[in-house]
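Inside the fold
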Amino acid sequence: MLLPQLNDPKQLKSLSIEQLNSLAEEIRRFLIEKLSATGGHLASNLGVVELTLALHYCYNSPQDKFIFDVGHQAYVHKILTGRKDRFDSLRKQDGLCGFVKRSESEHDVWEAGHSSTSLSAAMGMAMARDFKGEDNKVVAVIGDGALTGGMAFEALNHIGHERRKLMVILNDNEMSIAPNVGAMHNYLSRIRSDRHYLRAKDEVEGLLKKIPAIGGRLAKTAERMKDRLKYMMVPGVLFEELGFTYLGPVDGHDLETMIDTFHQADNVAGPVLVHVLTTKGKGYKPAEADSYKWHGITPYKIESGQVLKAVGNPMYTEVFGQTLIELGRQDERLIAVTPAMPGGSGLFPFAEEFPGRMIDVGIAEQHAATLCAALAMEGMKPVFAVYSTFMQRAYDQIVHDICRHNANVMFAIDRAGFVGADGETHQGVYDIAFMRHIPNIVLMMPRDENELRHMMKTALEYNDGPIAYRYPRVNGTGAALDPELRSLPIGSWERLRPGDDIAVIACGPMVQVAEEAADQLKREGIQAGIVNARFLKPLDGSMLQSLARAGTKLLVLEEASQAGSLGSAVLEYYAGHGLHSVSVELMGVPDIFVEHGSIKEQRQLTGLTVESVCGRIKSMRAARSYPYGKTTTSS
Ligand SMILES: Cc1ncc(C[n+]2csc(CCOP(=O)(O)OP(=O)(O)O)c2C)c(N)n1
């Protein structure tokens, strides 16, 4: 056993290829066992065991910089850099992060979570190195999925132009989370499958030079023929034309070849792209057979591969997916657009019923947004199905192409609120703040899955511009689902409970938290009102006016960044209407990045719990009010 003694990647350098291979097997067993208890990104990590070993064998981390795109495939790197003993805490509160994390280790030099940033980061580090006159290596590891992201293309363009020394390892396993899509993917597949035609570029050029020169017009034709031949025979010529030296494709599970290829890459002066072919899920049969399912997995039984899932009400995502089918039957203009998350967004059943009406554009949120704008302007009914966190990428396209055009795009914003184990890079807590100030858009959030269905109907029938519904990554409340879908009046809130002199204005799952708090307070003789702020934009002005007239103290409760979200909107409303004496307090996500843990823990950490709401309401009742949420406890 080599793994138990391994604490520093330098130890790898004295190992033979044979030993490295047996270490690879130990690491696989370790991953399969540890993740069976914690869950995590198993398939991606099983695929990069040899690749990561070869990197640490050939280079000297942390002087040499390894940048992992997305950062979900860095478990092996963590094991090799002294963190194997912390794997029981993977993705748990205060435990090992599921992504690269600089505070964990000096070997973690670049953090991510969102894809396609690694090449820009590598370029920045290579430039800084050159400016400082240093000579360390910079290596970016990017998957074929992450390569579909626009940022990656922007960086390739720049790197190829600058021609600085850096290495890009393209980890090609043909999968994004779902099977990879796109023309680049098709190109890589051709390289994979046409391997018997492949020759090194020099060899092909040498061959072509042997064709005797001829004069005149014939020569031009011959030159064109030579170019064609080169394109047919040289693998990766596209990357060569972009300014990279292309090496590969190499078998990403053959350590010896990979190490040789890395040494070869070291002798190249400018940027090198090493194309590595790997099998996602390598070494664990269930994961190899269905790497989509095993990309990110919950705990499982090792022998059977049976996944242990908590039972509960259907998730909001599932209700969305099913309801979209109902709506798709009603309106054949409805199409769903996903940036590489067809499964996570619950769209597979829709795609099955309506082949051709679910469009996976790859990891391309910006493109997806603008595509939706154009589809809408030509009379289609696009639903942009996107996670709140990844939508951040498309902010400009939402402003410039969707909202400015007032295009009839529907947004299905999934994972709105805390997301749990994926942690700070994935929290869906900013979209209210970065959407609600954009002219033309309507923003909704349902308090339960039944209301989500009505919101989806509302969105489909709304023809006055962009409209979004956002929903959380949790199980539904178990609410009965109305068979008939209806449109909600735009901007209408719902008064769920009357109160004495205090009311909670809440949205989404926080409505349930408010209800539980109100139940608890009722037992203590306090009647707290509850308002379901189901429209985050426009607000329900008449409800806000009537609350103000009644002198009700207000607590705005939301699982979204306190700065700029619903609470801010309410304060702006009262300020804008000269209602300066209304007492408003805010409970939302404070000004911090909330790390990995369970959603429950994340709510506890930020005070979005029944207990905290009860405490706040009591203190509000005991306080003398001042305008704009300032309060002071009466003596
Ligand atoms: C901007 C952005 N959109 C979507 C995702 C969700 N996502 C995480 S990993 C992944 C697939 C990455 O595929 P690839 O780079 O090939 O890595 P693999 O897991 O196959 O090794 C996707 C779509 C993301 N992390 N960032």
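Before any of the text, the structure's been laid out above.
Residues numbered from 1 in each chain as written. Predicted model: local features only at pLDDT ≥ 70, side-chain atom pairs only at ≥ 80, totals over all residues. Heavy atoms only, no water.

1. Structural notes on the sheet that holds strand E2 (residues 138–143)
Which entries qualify depends on this criterion: Strand pairing is defined by DSSP finding a minimum of two bridges between the two strands. In this description a helix means any DSSP run of H or I spanning at least four residues, a strand means any run of E spanning at least two, and both kinds are numbered starting from the N terminus. All axes are obtained by fitting lines to C-alpha atoms, using only the stretch in contact for helices, and the reported angles, taken between N-to-C directions, cover 0 to 180 degrees. Here a residue-residue contact requires only that any non-hydrogen atoms of the pair lie within 4.5 Å.
With respect to topology, 5 strands assemble into an open sheet ordered E1-E2-E3-E5-E4, the strand pairing being parallel. With partners counted over all chains shown, the strands left at the sheet margins are strand E1 (65–68) and strand E4 (245–251), one partner each. Strand-to-strand, the axes of this sheet are offset by a mean angle of 20°, without reference to chain direction. For E4 and strand E5 (residues 272–277), the ladder comprises 5 bridges, and the chain directions are parallel. From the neighbouring strand, Val 250 faces E5, where its bridge partner is Val 276. Docked against the sheet, helix H5 (residues 118–132) engages E1, E2 and strand E3 (167–172), running at close to 175° with respect to E2.

2. Looking at the site of the ligand
Note the threshold: Residues are classed as near a molecule or strand on a simple rule: at least one heavy atom within 4 Å of it. Counted as a polar contact is a pair of N or O atoms within 3.5 Å, where, for protein atoms, one must be capable of donating a hydrogen and the other of accepting one, and residues adjacent in sequence contribute only when both atoms are in side chains. Where accessible areas are quoted, they stem from the Shrake-Rupley method and a 1.4 Å probe; at the residue level, only the protein chains shown are allowed to cover. Basically, the charged four are Asp, Glu, Lys and Arg, the nonpolar ten are Ala, Val, Leu, Ile, Met, Phe, Trp, Tyr, Cys and Pro, and anything else, Gly included, counts as polar. An automatic or database domain assignment is the source of the domain bounds shown.
Neighbouring the ligand are 23 residues; Ser 44, His 72, Gly 145, Met 175 and Glu 365 lie closest to it. Between the ligand and Ser 115, the relevant distance is 2.9 Å, taken from a nitrogen atom to a main-chain nitrogen or oxygen of the residue. Interatomic distance of 2.8 Å between a backbone N/O atom of Gly 145 and an oxygen atom of the ligand. Protein contact buries 98% of the 590 Å² of open area that the ligand shows by itself. Among the residues forming the shell around the ligand, the class breakdown is 8 nonpolar, 11 polar and 4 charged. Domain assignment of the residues forming the shell around the ligand places at least three in each of domain 1 (3–194 + 237–289) and domain 3 (316–470).

3. Remarks on the packing of aromatic side chains
Here is the rule we go by: Under the pairing criterion, centres of Phe, Tyr and Trp rings, with the six-membered ring standing for Trp, must be within 6.5 Å; the plane angle then separates stacked pairs below 30 degrees from edge-to-face pairs above 60, leaving the rest tilted. Three exposure classes are used, based on accessible area relative to the maximum for each residue type with a 1.4 Å probe and protein chains only: buried under 20%, partly exposed in between, and exposed over 50%. Criterion for a charge above a ring: Arg CZ or Lys NZ at most 6 Å from the ring centre, at most 35 degrees from the ring normal.
Under the criterion given, the structure shown has 17 aromatic pairs. Consider the rings of Tyr 284 and Tyr 300, whose centres lie 5.9 Å apart with planes at 40°: the pair is tilted. Highlighted residues: Tyr 284 in the loop between E5 and helix H12 (285–289) and Tyr 300 in the loop between H12 and helix H13 (316–330), separated in sequence by 16 residues. Across the pair, Tyr 300 and Tyr 284 agree in class, each one buried. Measuring from ring centre to ring centre gives 5.4 Å for Tyr 387 and Phe 390, while their planes differ by 15°; the resulting arrangement is stacked. Accessibility expressed as a relative area gives 8% for Tyr 387, which makes it buried. Classification of Phe 390 by relative accessible area gives buried; the value is 11%. Cluster of aromatic residues (ring-pair linked, three or more members): Phe 30, Tyr 75 and Phe 87. Stacked on the ring of Phe 131, the Lys or Arg Arg 164 has its end atom at 5.7 Å from the ring centre. Lying over the aromatic face of Phe 354, Arg 357 brings its terminal NZ or CZ to 4.2 Å of the ring centre.

4. Focus on the environment of Gly 149
Here Gly 149 is to be found in the loop between E2 and helix H6 (150–162). The class for Gly 149 is buried, based on a relative accessible area of 1%. Along the backbone, Gly 149 and Val 361 are 212 residues apart, and their C-alpha atoms lie at a distance of 9.7 Å. Contacts of Gly 149, omitting those with residues within four sequence positions, involve Ser 116 and Ile 363.

5. Details of the nonpolar core
So the rule is basically this: Side-chain atoms within 4.5 Å are what join buried Ala, Val, Leu, Ile, Met, Phe, Trp, Tyr and Cys residues into a set we call a nonpolar core.
With 108 residues, the main nonpolar core has Phe 320, Phe 411, Tyr 469 and Trp 493 as its most contacted residues. Here the element with the most residues in this core is helix H20 (residues 510–523); it accounts for 7 residues. A domain split of this core shows at least three residues from each of domain 3 (316–470) and domain 4 (494–622). Apart from residues lying up to four places away in sequence, Phe 320 is in contact with Ser 345, Leu 347, Val 383, Ala 385, Ala 412, Leu 452, Met 456, Tyr 469 and Tyr 471. Listed in part, the 55 residues of the second largest apolar core include Phe 66, Phe 87, Leu 90 and Ile 169.

6. Observations concerning helix H4 (residues 75–83)
Of all 9 residues making up H4, 8 are buried, and the element is well covered by its neighbours. Every buried residue of H4 is accounted for by Tyr 75, Val 76, His 77, Lys 78, Ile 79, Leu 80, Thr 81 and Arg 83. Buried residues along H4 sit against helix H1 (17–38), helix H2 (42–47), helix H3 (49–58) and E1.

7. As for the sheet that holds strand E14 (residues 528–532)
Reading across from one edge, E12-E14-E13-E16-E17 is the order of the 5 strands in this open sheet, with mixed pairing throughout. Of all the strands in the sheet, just strand E12 (494–497) and strand E17 (584–589) have a single pairing partner and so form its edges. Sheet twist, expressed as the average angle between the axes of neighbouring strands with direction ignored, equals 25°. Where E12 meets E14, 3 bridges bridge the pair, whose relative direction is antiparallel. Each residue of the ladder has a partner; that of Arg 497, found in E14, is Ile 530. Each of strand E13 (502–506), strand E16 (553–561) and E17 is contacted by helix H22 (residues 566–576), which is oriented at about 140° to E16, the strand it contacts most. Contacting E13, E14, E16 and E17, helix H24 (residues 610–622) runs over the sheet at an angle of about 150° to E16.

8. Regarding the state of the cysteines
Counted only if it meets this: When two cysteine sulfur atoms are found within 2.5 Å, that pair is recorded as a disulfide.
Tallied over the entire structure, the rule returns 0 disulfides. Summary of cysteine pairing: Cys 372 is not part of a disulfide, and the nearest cysteine sulfur, belonging to Cys 403, is at 12 Å. Cysteine Cys 507 shares no disulfide, and the gap to the nearest cysteine sulfur, in Cys 614, comes to 18 Å.

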